Amino acid sequence: MSVDTATTATSPAGFPTPSAVVPSHLHSTPSWDVADFPVPQGREEIWRFTPLKRLRGLLQAGPTGQRLTRETSLPAGVTASEVSTEEAKGLGGRPPMDRLAVMAVANAGGALHVDVPAEAELDEPVILKLTGGGADQVVHDHVVVTVGHHAKATVVLEHFGSATYDAYVSVVVGEGAQVNLVELQLWDDDAVHTGQTSVQVGRDASVTAVTATFGGDLVRLTQTTDYASVGGELHQYGVYFADAGQHLEHRLLVDHATPKSVSRVDYRGALQGKGAHTVWIGDVLIRKAAEGIDTYESDRNLVLTDGCRADAVPNLEIETGEIAGAGHAATTGRFDDEQLFYLQSRGIAEDEARKLVVFGFFTEIIHKIGVPEIEQRLIEAVTEELSVTVGAPANA
């Protein structure tokens, strides 16, 4: 599949913006115009895994004027302000990739802009806590986070309660900056959460992104990464745990359009209960100009009970052979027999060994977050989930 080399321009805020053209059978062309995204029928490639009837009308909903409850924790120097939709677009980031994301922008009526100034080194995380008031609350949201050049910051977006929530989030990282981006979906079981998170990595910048999805009736998130210039690094991690009837879908696109950039993707999921369904789509584009890049993506799933379904589809689209490395993998299975044997050979009972294997499967990713209180919260969430099927390990 031929993929044109991306071009870049500079936004009014000084952040490079990537080309809005991705000619690929795997993706729609990014656009801010709702008319460019017809209402899907469910047979399209990007919609075939999603149960459209469970989206509660978000594909056609108009503005409601409702908002989730927002609580912000802003370290000194960080600002949060309301901006117009047009101002938000000008701050940079890939335009929406599907109808849900573009509907979020069109119906939000403006955006929240969180700005970390250049050269800031934050000792505390920036936290945006969003809480829904009930599944019948229909909310469209638009959030833009800008991180200035050579800044160091951790940015956390937390989702709690319940709502029918559609959001577009853009994170624009300046030259030489180091950013930890954490997104937590800890919804009640009846919530719906859809939309797109767009990350743009500046020249020689580094982004570590961790996504954790444990709650919700249906969660469908598109996560995209672009490189504004050479030398950017992305380390993207994810954990998700689907219970009976839950649909958790993560769709990733890493667009290497510049030379000497790096991406590493490691997602891990577990499923238990009848009708639990997870979807992971990992797409990497390597364009003609992306010489010397190095990329690898993987998704691993543990099926803990019968009646579950895990769909994992890794994709590579490559247009140049002048690369340092490119690979992908996806696996779905039950327990690792070698790990179980190793633990049992050291006197650990089989049931306890199974608990430790599953627990360790998740905690390796959770410890990438780097915020102890959030790591502990997620460890408790995993412990609660595991208690349904295999119990919590004795030393959890």
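Cut-offs applied
- Residues numbered from 1 in each chain as written.
- Predicted model: local features only at pLDDT ≥ 70, side-chain atom pairs only at ≥ 80, totals over all residues.
- Heavy atoms only, no water.
- Helix = DSSP H or I, 4+ residues; strand = E, 2+ residues; numbered from the N terminus.
- Rg over C-alpha atoms; globule rule 2.2 N^0.38 Å.
- Buried < 20%, exposed > 50% of the residue type's maximum accessible area, 1.4 Å probe, protein only.
- Contact = heavy atoms within 4.5 Å.
- Areas by Shrake-Rupley, 256 points an atom, 1.4 Å probe, with all protein chains shown as cover.
- Lys, Arg positive; Asp, Glu negative; His and termini not counted.
- Charge placed at Lys NZ, Arg CZ, Asp CG, Glu CD.
- Core = buried A, V, L, I, M, F, W, Y, C linked by side-chain atoms within 4.5 Å.
- pLDDT = per-residue confidence, 0-100.
- 1 Å grid on protein atoms, 1.4 Å probe; cavity = no way out; pocket = protein on both sides within 12 Å on 5 of 7 lines; lining within 4 Å.
- Points joined across faces, edges and corners; volume = space filled by probe spheres on them.
- Nonpolar A, V, L, I, M, F, W, Y, C, P; charged D, E, K, R; others polar.
- Phe/Tyr/Trp six-rings, centres within 6.5 Å; stacked < 30°, edge-to-face > 60°.

**Q** What should I look at first to understand the overall build of the chain in this one?
**A** For the chain, the count of helices and strands is five helices and 18 strands. Relative to a compact globule of 396 residues, whose C-alpha radius of gyration would be 21 Å, the chain shows 20 Å and is just as compact. Overall, the C-alpha framework of the chain stretches about 65 × 50 × 50 Å when taken along its three principal axes. Buried positions account for 58% of the 396 residues belonging to the chain. Pairs at least 24 apart in sequence give 85% of the contacts found in the chain among residues at least 6 apart. Of the roughly 15200 Å² of accessible surface on the chain, a fraction of 48% belongs to carbon and sulfur atoms. Charge-centre separation for the chain: the mean point of 29 positive side chains lies 5 Å from the mean point of 54 negative side chains.

**Q** Would you mind showing me how to read the nonpolar core here?
**A** The nonpolar side chains of a soluble globular protein tend to be buried, and buried together. With 54 residues, the main nonpolar core has Val116, Tyr165 and Val207 as its most contacted residues. Apart from residues no more than four positions distant in its own chain, tyrosine 165 is found in contact with Leu58, Leu68, Leu130, Val139, Asp141, His159, Trp187, Val192, His193 and Thr194. Counting residues in each nonpolar core, the second largest holds 33 residues, with Leu343, Val357, Phe359 and Ile379 among its members.

**Q** Could you clarify how one ought to interpret the confidence of the model for the chain in this entry?
**A** In the predicted model, the chain carries a mean pLDDT of 90, and 91% of its residues have values of at least 70. pLDDT under 50 marks residues 1-22. Its contacts with residues more than four places away, or in other chains, come to 61 contacts.

**Q** So what exactly am I meant to see when it comes to the layout of surface pockets here?
**A** In this approach, a probe sized like a water molecule rolls over the atoms, and the result shows the empty space that is left. Volume-wise, the second largest pocket comes out at about 260 Å³. Lining the second largest pocket are Leu186, Trp187, Asp189, Phe214, Gly215, Asp243, Arg377, Ala381, Glu384, Glu385 and Val388. Residue composition of the lining of the second largest pocket, by class: five nonpolar, one polar and five charged.

**Q** I would appreciate a short explanation of the packing of aromatic side chains in the present structure.
**A** To describe a pair of aromatic rings, one takes the distance between the centres and the angle between the planes. What the rule picks out here adds up to five aromatic pairs. With 5.6 Å between their ring centres and 75° between their planes, tryptophan 32 and tyrosine 168 make a pair best called edge-to-face. Taken together, the residues tryptophan 32 in the loop between strand S2 (16-17) and strand S3 (69-73) and tyrosine 168 in strand S7 (residues 152-173) connect sequence positions 136 residues apart. By relative accessible area, which is 1% here, tyrosine 168 ends up buried.

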